[in-house]
Every structure is written in structure tokens, then in C-alpha cells.
Amino acid sequence: MGASAIFKQENILRYPRLDTVLMVEETIRNAKDYPTKARLWKSLPKKMMYQTFNTIIDYLEYSGKIIVEDGGAIIWIWDPEGVRKLLGKKHLVVR
């Protein structure tokens, strides 16, 4: 399913503000363990509607920053510094 199908206007009641998306990203990155969606939502420093929170989670998963496992655990996987190091190796070929 493409981004246009996931993020259509009629599917989303409220689009999150950038500062709210960044807050969720930071909370996931700084988590000591892999929180479930419900635990993560309850632990956020600022409250938001659950539908808005789900939109953020969908966006982060679609953009390749997180993985949501079958058991509900949310894992931060985005590592731009690691990617830069790998791209700097001459013997690797990027396709």
C-alpha cells in the first residue's frame, strides 16, 4: 500500500504538527525497552488523540524509521550515521 492510500485526507481526522512527530520520534529513540503502542502513547510528555498518534506511527513505519512487530513492540531502526559509514566504503555497491 502506497503513501497516498495510507495518508488520504478522508482517512485522517487531524494531521500532526511537526513538533508532535518529533516528540514521538524522540520518545521511541530514547526508550530503554521496546514499548507497545499503548505504553508509548501513555508515556508521551504531551497528550494527543490516539488517532493522531496512530497516524504518526504509520508515517514512521512507512518512512523506514521504525518497525512495529507482531507482538506490538516498536523498534527504532533509522541510523543515518551508520548508513553514511557504509556508503563510504569503496568495496560496497549501492543499487
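As the structure is a prediction and not an experimental result, all values here were calculated from the model.

A.B. asks: I tried to follow the overall build of the protein on my own but got confused; where do I start?
C.D. replies: On a plain count of helices and strands, the protein comes out with five helices and two strands. Mapped in sequence order, the helices and strands of the protein form the string α-α-α-α-β-β-α. Out of the 95 residues in the protein, the part that is buried amounts to 29%. Of all intrachain contacts in the protein linking residues separated by at least 6 positions in sequence, the fraction that spans at least 24 positions is 48%. Carbon and sulfur atoms form 56% of the exposed surface of the protein, whose accessible area is close to 7,000 Å².

A.B. asks: How should the nonpolar core be read in this particular structure?
C.D. replies: The nonpolar side chains of a soluble globular protein tend to be buried with one another. Ranked by size, the top nonpolar core spans 14 residues in total, and within it Val24, Ile28, Leu40 and Ile57 carry the most contacts. Listed by contribution, the elements that provide at least two residues to this core are α2 (18-29), α4 (50-62) and β2 (74-76). Other than its neighbours up to four places away in sequence, Leu40 contacts Val24, Thr27, Ile28, Pro35, Phe53, Ile57 and Ile74.

A.B. asks: Mind showing me how you'd approach the side chain of Thr27 here?
C.D. replies: Here Thr27 is to be found in helix α2. Every residue in contact with Thr27, bar those within four places of it in the chain, is listed here: Leu40, Ser43, Leu44 and Pro45.

A.B. asks: I keep staring at the packing of α2 against α4 and nothing clicks. Help me out?
C.D. replies: When two helices pack together, their arrangement is given by the angle between their axes and by how far apart the axes lie. Orientation of α2 relative to α4, taken along the N-to-C sense of each, is 65 degrees, at an axis distance of 10 Å. It follows that α2 is roughly perpendicular to α4 by the angle criterion. For α2 against α4, the interelement crossing comes out right-handed. Every residue of α4 that contacts α2 at Thr20, Val21, Val24, Glu25 and Ile28 is listed here: Phe53, Ile56, Ile57, Tyr59 and Leu60. Split by residue class, the contact of α2 with α4 holds eight nonpolar, one polar and one charged.

A.B. asks: Looking at this structure, I do not really get the packing of aromatic side chains. What am I missing?
C.D. replies: Within a pair of aromatic rings, the relevant descriptors are the distance that separates the centres and the angle that separates the planes. Under the counting rule described, the total for this entry stands at two aromatic pairs. Residues Trp41 and Tyr50 carry aromatic rings whose centres are separated by 4.9 Å and whose planes lie at 80 degrees to one another, so their mutual orientation is edge-to-face. Ring centres 5.7 Å apart and planes at 35 degrees place the aromatic pair Tyr50 and Phe53 in the tilted group. With Tyr50 and Phe53 both in helix α4 and three residues apart, the pair spans about one turn of that helix.

A.B. asks: How should I be thinking about the confidence of the model for the protein in this particular structure?
C.D. replies: For the protein, per-residue confidence averages 87 on the pLDDT scale, and 88% of positions sit at 70 or higher. The least confident element of the protein, judged by mean pLDDT, is helix α1 (residues 3-6) at 62; the most confident is α2 at 96.

A.B. asks: Which parts of the structure should I look at to understand the pattern of salt bridges?
C.D. replies: Any two side chains of opposite charge can pair, on the condition that their charged atoms come close. Overall, the coordinates contain six salt bridges when judged by the stated rule. When salt bridges that share partners are traced, they join Arg17, Asp19 and Lys46 into one network.

Criteria and thresholds
Residues numbered from 1 in each chain as written. Predicted model: local features only at pLDDT ≥ 70, side-chain atom pairs only at ≥ 80, totals over all residues. Heavy atoms only, no water. Helix = DSSP H or I, 4+ residues; strand = E, 2+ residues; numbered from the N terminus. Buried < 20%, exposed > 50% of the residue type's maximum accessible area, 1.4 Å probe, protein only. Contact = heavy atoms within 4.5 Å. Areas by Shrake-Rupley, 256 points an atom, 1.4 Å probe, with all protein chains shown as cover. Core = buried A, V, L, I, M, F, W, Y, C linked by side-chain atoms within 4.5 Å. Axes fitted to C-alpha atoms, helices over the stretch in contact; angles between N-to-C directions. Parallel < 35°, antiparallel > 145°, perpendicular 65-115°, else oblique. Left-handed = near helix turned anticlockwise from the far one by under 90°. Nonpolar A, V, L, I, M, F, W, Y, C, P; charged D, E, K, R; others polar. Phe/Tyr/Trp six-rings, centres within 6.5 Å; stacked < 30°, edge-to-face > 60°. pLDDT = per-residue confidence, 0-100. Salt bridge = Lys/Arg side-chain N within 4 Å of Asp/Glu carboxyl O.

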